[in-house]
Amino acid sequence: MKTRYLEKYILGDLNKKMVFIGGPRQVGKTTLSKMIADRCFHGKAQYLNWDFAGDRRAITSEVFEHKRDLLIFDELHKFKQWKNYIKGLYDKFSPALKILVTGSSRLDIFRKGGDSLLGRYRYYRLHPLSMAELSGIKAIPEPMKELKLQEQAADKEAFTRLFKFGGFPEVFYSGKEADLRRWHEERAERTVKEDIRDIQQLTDSSSMLILAELLPSKVGSQFSVNSLTEDFKLSYKTIAAWVGILENFYYSFRVYPFQSTKIKALKKEPKLFMWDWSAVPEEPARIENMIASHLLKLTHCLHDVEGYKAELYYIRDKEKRETDFLVAVGGKPWFSVEVKSKFKGVSTPHKYFKEKLSIPHNYIVTLEQDVLKEQNGFVVCGASRFLSALV
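Note that the structure is a prediction, hence the values are computed from the model and not measured.

A count of helical and extended segments in the chain gives 14 helices and 13 strands. Taken against the 2.2 N^0.38 rule, which gives 21 Å for 391 residues, the C-alpha radius of gyration of the chain at 22 Å falls within 12% of a compact globule. The buried share of the chain, reckoned over its 391 residues, is 55%. Working note: accessible area of the chain is about 18,300 Å², and carbon and sulfur atoms make up 48% of it. Where the 64 positive side-chain charges of the chain centre and where its 50 negative ones centre are 4 Å apart.

Structure (structure tokens):
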């Protein structure tokens, strides 16, 4: 099995704290945790999954196998008292016993009730496979520095496969269209009717499932909750809550406009993207989603591993000038990205925002895979080469 990009960082933190791994279902959290157990704990680890009755009994009765150095808890957040439970174990048995918790929800937001876990854990968000992972590139880009683009062309075959099948390991490595269709058919339903319903009280799971299945068609344009309230004949509060829940379970994510006193930026109107870009039907929107997902993975990695406040935005002002993406660190622009099917010159809005916001590094990413050149302060490169320079 391929070593995932977070493994060495998780191992380092397990020596000091509990480690939580969040991420969408089937992204590889369980596989990663078991690989860590096999490679580094040599049989002295126990895996317990809250979804299995026998493991639930072992968890609630605190009956664990003797002489274990690592306990892995999967989907423990479905246990109502999980925070107090895990805190008690940590306070009693650490540092001799290492604790690793995985879940298909944002474990960092379930803070209602119980004692705070602050200072006792590190939280990592595991993302799907990416071009850098598939290319074996392990270095994390240094904030505010220029990205290290490879001189040689990136792996076109890997890019084509990743674009079509997405980065979730099971369907990516399968490479079969029938498996991809089944994956799309099942994923939304399992997210809503298994993962979310186990945690959230839903009065209308069928309508929420319809919303989840509708979201991929909303990628590539500004996202309006108000328009969905008209479609579903439900209140703004209900639809907004559902979209937020889907984000908390790593089904979709929103990118907001960058705010600066130097431009008259929009205050709201985010863009919506999917964690599984293969579900996006139109190819132009899918490539934009694929790049957004890679950029989000970069910002999450910089935050979770290095502690940087890295954020992903897009830029749009009230005059409707727009640039597809901006990565900022500590609120300061680091690099901008404009996505094009073919390079036809630098757009006027991209030039405008580069100067107005003093963006140090600016990229035009094109589907022309072998291109790599510089033009008037803008680096033009193929999508596979650009994505391979991230995480």
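That covers the picture; the talk isn't over yet.
With that settled, consider the sheet that holds strand E11 (residues 361–366). Taking strand neighbours across the sheet as the criterion, the 8 strands line up as E7-E6-E8-E9-E10-E11-E13-E12 in an open arrangement whose pairing is mixed. Sheet topology places strand E7 (271–274) and strand E12 (372–375) at the edges, where each strand pairs with a single neighbour. Within this sheet the neighbouring strands show an average axis-to-axis angle of 30°, counted without direction. Here helix H13 (residues 348–356) sits on the sheet in contact with strand E8 (310–316), strand E9 (322–329), strand E10 (332–340), E11 and strand E13 (378–382), set at roughly 30° to E9.

Another point: the nonpolar core. Core analysis: the largest hydrophobic core is formed by 119 residues, its most contacted members being Ile-10, Phe-73, Leu-76, Ile-291, Leu-295, Phe-335 and Phe-386. Other than its neighbours up to four places away in sequence, Ile-291 contacts Phe-325, Val-337, Val-339, Val-365, Phe-386 and Leu-387. Ala-265, Ile-315, Ala-328 and Ile-359 belong to the second-largest nonpolar core, a separate cluster that totals 9 residues.

Among the structural elements, Arg-187 can be located in helix H8 (residues 177–196). Of the side chains with opposite charge, Asp-276 lies nearest to the buried Arg-187, which makes no salt bridge, at 4.9 Å. Leaving out residues up to four positions away in the same chain, Arg-187 has contacts with Pro-24, Phe-168, Tyr-250, Tyr-251, Trp-275 and Asp-276.

Rules behind the numbers
Residues numbered from 1 in each chain as written. Predicted model: local features only at pLDDT ≥ 70, side-chain atom pairs only at ≥ 80, totals over all residues. Heavy atoms only, no water. Helix = DSSP H or I, 4+ residues; strand = E, 2+ residues; numbered from the N terminus. Rg over C-alpha atoms; globule rule 2.2 N^0.38 Å. Buried < 20%, exposed > 50% of the residue type's maximum accessible area, 1.4 Å probe, protein only. Areas by Shrake-Rupley, 256 points an atom, 1.4 Å probe, with all protein chains shown as cover. Lys, Arg positive; Asp, Glu negative; His and termini not counted. Charge placed at Lys NZ, Arg CZ, Asp CG, Glu CD. Pairing = 2+ DSSP bridges. Axes fitted to C-alpha atoms, helices over the stretch in contact; angles between N-to-C directions. Contact = heavy atoms within 4.5 Å. Core = buried A, V, L, I, M, F, W, Y, C linked by side-chain atoms within 4.5 Å. Salt bridge = Lys/Arg side-chain N within 4 Å of Asp/Glu carboxyl O.

Worth remembering: the numbers are spatial, not functional.
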